Amino acid sequence: MKIFSIETSCDETSAAIVGVSRGKVEILSNVVSSQIEIHKKYGGVVPEVAARHHVKNILPVIDEAFAKAKVKPAQIDFISVTAGPGLITSLMVGVETAKTLSYVWRKPLLAVNHMYAHIAANFIEPIKFPALALIVSGGHTELILLKSHQRFEKIGQTIDDAAGEAFDKVAKLLDLGYPGGPIVSAQAEKFQESGLESDLELPRPMVTSPNFNFSFSGLKTAVLYKVNKMKPAEKKKRTPEICFEFQEAVVDVLSKKTAKAAKKFGAKTIMLAGGVAANKALRQRMGKVADDLEINFLTPPFSLCTDNAGMIAVASHFLLQKKKPQLNGWKKIKANPNWEL
Ligand code: KG4
Ligand code: ZN
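Presented here is an overview of the structure given in this document. (Residues numbered from 1 in each chain as written. Chains lettered and ligands numbered in written order. Predicted model: local features only at pLDDT ≥ 70, side-chain atom pairs only at ≥ 80, totals over all residues. Heavy atoms only, no water.)

### Brief notes about the site of ligand 1
- Near ligand 1, the surroundings consist of 19 residues, among which Gly138, Asp168, Gly181, Gly275 and Asn279 are the closest.
- Here an oxygen atom of ligand 1 and a backbone polar atom of Gly164 are 3.2 Å apart.
- For ligand 1, whose unbound accessible area comes to 560 Å², protein coverage reaches 88%.
- Where the shell around ligand 1 is concerned, the elements lending two or more residues are α4 (114-120), α5 (163-173) and α6 (180-194).
- Top element by residues in the shell around ligand 1 is α6. It accounts for four residues.
- Residue composition of the shell around ligand 1, by class: five nonpolar, twelve polar and two charged. (Near = heavy atom within 4 Å. Polar contact = N/O pair within 3.5 Å; in protein donor to acceptor, adjacent residues only side chain to side chain. Areas by Shrake-Rupley, 256 points an atom, 1.4 Å probe, with all protein chains shown as cover. Helix = DSSP H or I, 4+ residues; strand = E, 2+ residues; numbered from the N terminus. Nonpolar A, V, L, I, M, F, W, Y, C, P; charged D, E, K, R; others polar.)

In structure tokens form, the structure reads like this:
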């Protein structure tokens, strides 16, 4: 079986093809056209600009995905597309393209939840259930308990900013550029390599709260207060240290709460997913949490952490085991920017 997928929920235009043979999923192509360079100058994603670039990029990206996979549209069994959550104007480009192709190519279309797909980026490996997934992206921070590939429940989420959003905002207040995550983590690494000690104390919001929710807005404000007290030269000099201490606080809270949930629910696997899963310090700490609990730890390769259609295609394979879409099902599919997992 072959599945062709499209992802346009934010600022990445992506198309992918996976092949499934004897239950094993293989990514044949996963083309991502990122708009990061375009949105950089605005310090964040501008929805209308993103949509315009999706329109411009989508057909070349699709062509490239087919060419790289050496597959023809006629060989595809199903099409799938991210229908939400995300930016409505961005989602619509992918969804309308997928609906058109479903009609023209006469291939059934499946709508995929973007957050489920972030988790599914781990499903290439066999999973021991129950499994606990921590999704950390620019828009979401969620703890999901999975009983099987298809049965899951949300047990916690951020009550304000997402973890990735906090990285982006801290980068902005330190004048580091966009997206903040990779820059902040590179600066943090620089400080760690220096072997210097820091006396900068930052809070660990909600780390001892009796639930599995998170909060990162206060942490960002704590960084802002510290930075506001510094003169420009000191701010510049201490930027790697601030990044390191901020990252430590985020990693601390995420890993401690995940460990607590894993113990409570008897998880046999911890999975890390979403753009912030590309963070090395977080990957290492979560790996240690799993080691200490003697359970499995999974996190996707870097290329499957940030937004990409490969994860949508992998997710589709598992969703198709539950329900096969009809040939004219495209008529009912709509972009849903607030689609909750
Ligand atoms: O999942 P994603 O690509 O898009 C959303 O669905 O939001 O995640 C993007 C987020 C951004 O906030 C970005 O700063 C963050 O992931 N990110 C990182 C790293 N790489 C990307 N955060 C921390 N460390 C990284 N290495
Ligand atoms: Zn995402």
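### Observations concerning the coordination of the zinc ion (ligand 2)
- At this site the zinc ion (ligand 2) is bound by His114 (NE2), His118 (NE2) and Asp307 (OD), with donor distances of 2.0 to 2.2 Å.
- One chain supplies every donor to the zinc ion (ligand 2), and in sequence these donors are spaced H-x3-H-x188-D. Taken together, the positions of His114 and His118, both in helix α4 and four residues apart, correspond to about one turn of that helix. There is no split in this pair, since His114 and His118 are both buried. (Donors = N, O, S within 2.8 Å, 3.2 Å for Na, K, Ca; no water. Buried < 20%, exposed > 50% of the residue type's maximum accessible area, 1.4 Å probe, protein only.)

### Considering the layout of surface pockets
- Estimated volume of the second largest pocket: approximately 530 Å³.
- Around the second largest pocket, the lining comprises 22 residues; the ones closest to its centre are Leu110, Ala111, Lys323, Pro325 and Trp339.
- In terms of residue count, strand β5 (residues 109-113) provides more of the lining of the second largest pocket than any other element does, five residues in total.
- When grouped by side-chain class, the residues that make up the lining of the second largest pocket number eleven nonpolar, five polar and six charged. (1 Å grid on protein atoms, 1.4 Å probe; cavity = no way out; pocket = protein on both sides within 12 Å on 5 of 7 lines; lining within 4 Å. Points joined across faces, edges and corners; volume = space filled by probe spheres on them.)

### Topic: the sheet that holds strand β1 (residues 2-7)
- Strand order in the open sheet formed by five strands is β3-β2-β1-β4-β5, and the pairing between neighbours is mixed. At either end of the open sheet lies a strand with only one pairing partner, and these are β3 (24-34) and β5. Here the strands of the sheet are splayed against their neighbours by 20° on average, with no regard to which way each runs.
- Summarising the sheet, β1 and strand β4 (residues 78-84) pair through four bridges and their orientation is parallel. Its bridge partner being in β4, Ile3 is matched across the sheet by Phe78.
- Strands in contact with helix α2 (residues 47-69) are β1, β2 (12-21) and β3; relative to β2, the strand with the most contacts, it is inclined by about 25°.
- Running at roughly 155° to β4, helix α3 (residues 88-105) makes contact with β1, β4 and β5 of the sheet. (Pairing = 2+ DSSP bridges. Axes fitted to C-alpha atoms, helices over the stretch in contact; angles between N-to-C directions. Contact = heavy atoms within 4.5 Å.)

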